[in-house]
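Descriptive structure summary
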Amino acid sequence: MQMSVGAPLGVFDSGLGGLTVVKALRVSLPQESIAYFGDTARLPYGTKSPATVYQFTRQCLRFLMSLRPKLLVVACNTASALALAELRGEFEVPIVGVLEPGAKAAVEVTREKKGGGGKRGGLIATEATIASNAYPAAIRRLDPQVQVIGRACPLLVPMIEEGREPTDVIVGLVLREYLTPFLELDISTLILGCTHYPLFADAIAQTLGAGGGGVKLIDSAKQTALVVREQLDTMNARSTSSGAPPTRPPLTCYVTDQGQRFERLASRFLGESVGQPVWVTPEMLEL
Ligand code: DGL
């Protein structure tokens, strides 16, 4: 396939969460235009079976491929954990996931426990990501000394997609329920193993509070953006547009459900207006 340097990066998530990766990409690669796909009609992926996650992810990536991107980013931990390995060979452009970069970022900062006895980190993610064991496996490959203790947090994605504020009393209750067990585990890091979770990062840090003893939160977005930049350099495919306003390259969003809520929340999360997303109908996914 003929690759154009001016082609967009295709970024995919089940919903809004991948915008945390887009935000990092906009900082790290301001010259690149981005086509963002949120499968908002079928979210959450994190409660679904590996076969379904694979099928949905494949359809969404095939749609993104119709926009002729130079690279795909699977900005979804669930899809990265369950579908990426199988899908890699199927597309003619490189695919960057978020799980390996997240694991690398975690390994770099996870420290020895206070009383000695190895390095220990926590992991919060969707049910499917936890069940896949993909994070502990990726971390073990990088540093067998790091022990990872994971917990599924299925209520967080729906609350974020609904636009609940981190200060919302229900969010506080749910975070306490999920995070309290970590307070006794002497972890030095907590991996936010779902691209939605950085939206609650402050509330998570606050919940871990004094009892967390300075637990460092790991968000894979920056590390993923770095990997994308390196990959574009390897391909000699960095865009040469100025990237400076008012010539900022476009960010076009595609969603599978009607887009008003997406547009409202996306702008809030990204700090820039995304404009009205393009609605992708079920027929358009059957490519
Ligand atoms: N944001 C996604 C992740 O990183 C998936 C959330 C969901 O659809 O359950 O896992």
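These remarks concern the structure in this document. (Residues numbered from 1 in each chain as written. Predicted model: local features only at pLDDT ≥ 70, side-chain atom pairs only at ≥ 80, totals over all residues. Heavy atoms only, no water.)

Quick look at the side chain of T224
Following the sequence through the fold, T224 ends up in helix α11 (residues 220–235). Of note is the side chain of T224, whose polar atom sits 2.7 Å from the backbone oxygen of S220. (Helix = DSSP H or I, 4+ residues; strand = E, 2+ residues; numbered from the N terminus. Polar contact = N/O pair within 3.5 Å; in protein donor to acceptor, adjacent residues only side chain to side chain.)

Notes on empty space enclosed by the protein
Once rolled over the atoms, a probe with the size of a water molecule shows which space is left empty. Throughout the structure, instances matching the rule amount to three cavities of 30 Å³ or more. As for the largest cavity, its lining consists of 13 residues, of which S14, T78, T126, C194 and H196 are closest to the centre. The class makeup of the residues in the lining of the largest cavity is five nonpolar, seven polar and one charged. Looking at the second largest cavity, its volume works out to about 50 Å³. P44, G46, T47, T126, E127, C153, P154, V157 and P158 together form the lining of the second largest cavity. Residue classes in the lining of the second largest cavity are distributed as five nonpolar, three polar and one charged. (1 Å grid on protein atoms, 1.4 Å probe; cavity = no way out; pocket = protein on both sides within 12 Å on 5 of 7 lines; lining within 4 Å. Points joined across faces, edges and corners; volume = space filled by probe spheres on them. Nonpolar A, V, L, I, M, F, W, Y, C, P; charged D, E, K, R; others polar.)

What to know about the pairing of strand β9 (residues 251–255)
With four of its five residues buried, β9 lies for the most part within the structure. Both strand β2 (residues 34–38) and β9 contribute to a ladder of five bridges, which runs parallel. Paired with I34 across the two strands is L251, which belongs to β9. Pairing geometry for β9 and strand β10 (residues 278–279), over two bridges, is parallel. The partner of V255 across the bridge, within β10, is W279. The parallel pair β9 and β10 is bridged by helix α12 (residues 260–270), and the resulting crossover is right-handed. (Buried < 20%, exposed > 50% of the residue type's maximum accessible area, 1.4 Å probe, protein only. Pairing = 2+ DSSP bridges. Right-handed = clockwise from strand over helix to strand, strands pointing away.)

Quick notes on the sheet that holds β10
Pairing within the open sheet is parallel, and its six strands lie in the order β4-β3-β1-β2-β9-β10. Looking at strand neighbours, the two that pair on one side only are β4 (95–97) and β10, the edges of this open sheet. Most of the contacts of helix α2 (residues 50–65) go to strand β1 (residues 9–13), to which it runs at about 155°, and overall it touches β1, β2, β3 (71–74), β4 and β9. Relative to β3, α11 is tilted by about 165°, and along the sheet it contacts β1, β3 and β4. (Contact = heavy atoms within 4.5 Å. Axes fitted to C-alpha atoms, helices over the stretch in contact; angles between N-to-C directions.)

A short note on the site of the ligand
Not every one of the 13 residues close to the ligand is listed here, only the nearest: S14, Y45, N77, T78 and H196. D13 is positioned such that a nitrogen or oxygen atom in its side chain is 3.1 Å from a nitrogen atom of the ligand. Between the ligand and N77, the relevant distance is 2.7 Å, taken from an oxygen atom to a main-chain nitrogen or oxygen of the residue. Considering the ligand on its own, with 300 Å² of exposed area, one finds that the protein chains cover 99% of that surface. When each cavity is represented as a set of grid points, the ligand is found to reside in the largest cavity. Split into classes, the residues belonging to the shell around the ligand amount to five nonpolar, seven polar and one charged. (Near = heavy atom within 4 Å. Areas by Shrake-Rupley, 256 points an atom, 1.4 Å probe, with all protein chains shown as cover. Sits in = over half its atoms within 2 Å of the grid points.)

Quick word on the packing of aromatic side chains
Enumeration over the complete set of coordinates arrives at six aromatic pairs. Judged by centre distance (6.4 Å) and plane angle (45°), the rings of F12 and F37 are tilted. Here F37 lies in strand β2 and F12 lies in strand β1, a separation of 25 residues in the sequence. Pairwise contacts between aromatic rings join F12, F37, Y45, F56, F63 and Y254 into one cluster. Against the face of F56 rests R42, its NZ or CZ located 3.8 Å from the ring centre. (Phe/Tyr/Trp six-rings, centres within 6.5 Å; stacked < 30°, edge-to-face > 60°. Lys NZ or Arg CZ within 6 Å of the ring centre and 35° of its normal.)

Structural notes on helix α5 (residues 99–109)
When α5 is considered as a whole, its buried residues turn out to be L99, P101, G102, A103, A105, A106 and V107. Considering only its buried residues, α5 is in contact with α3 (77–82), β4, α7 (134–142), β7 (189–193), β8 (216–218) and α11.

Let's talk about the nonpolar core
With 54 residues, the main nonpolar core has L190, Y197 and I204 as its most contacted residues. Apart from residues no more than four positions distant in its own chain, Y197 is found in contact with I124, A125, T126, C153, L156, V157, I160, L192 and I204. (Core = buried A, V, L, I, M, F, W, Y, C linked by side-chain atoms within 4.5 Å.)

Let's talk about the layout of surface pockets
Size it by volume and the largest pocket reaches roughly 440 Å³. Around the largest pocket, the lining comprises 16 residues; the ones closest to its centre are T20, P198, D219, A221 and K222. Put simply, the parts of the chain that give the lining of the largest pocket at least two residues each are α1 (19–28), α5, β8 and α11. The biggest single contributor to the lining of the largest pocket is α1, with four residues. Looking at the lining of the largest pocket residue by residue, the classes come out as 10 nonpolar, one polar and five charged. What the second largest pocket holds in volume is close to 310 Å³. Around the second largest pocket sit 17 residues that line it, and L84, R88, L99, E100 and R141 are the ones nearest its centre. Breaking the lining of the second largest pocket down by element, the ones donating at least two residues are α3, α4 (84–87), β4, α5, α7 and α11. The class makeup of the residues in the lining of the second largest pocket is 10 nonpolar, three polar and four charged.

These figures capture arrangement, not role.
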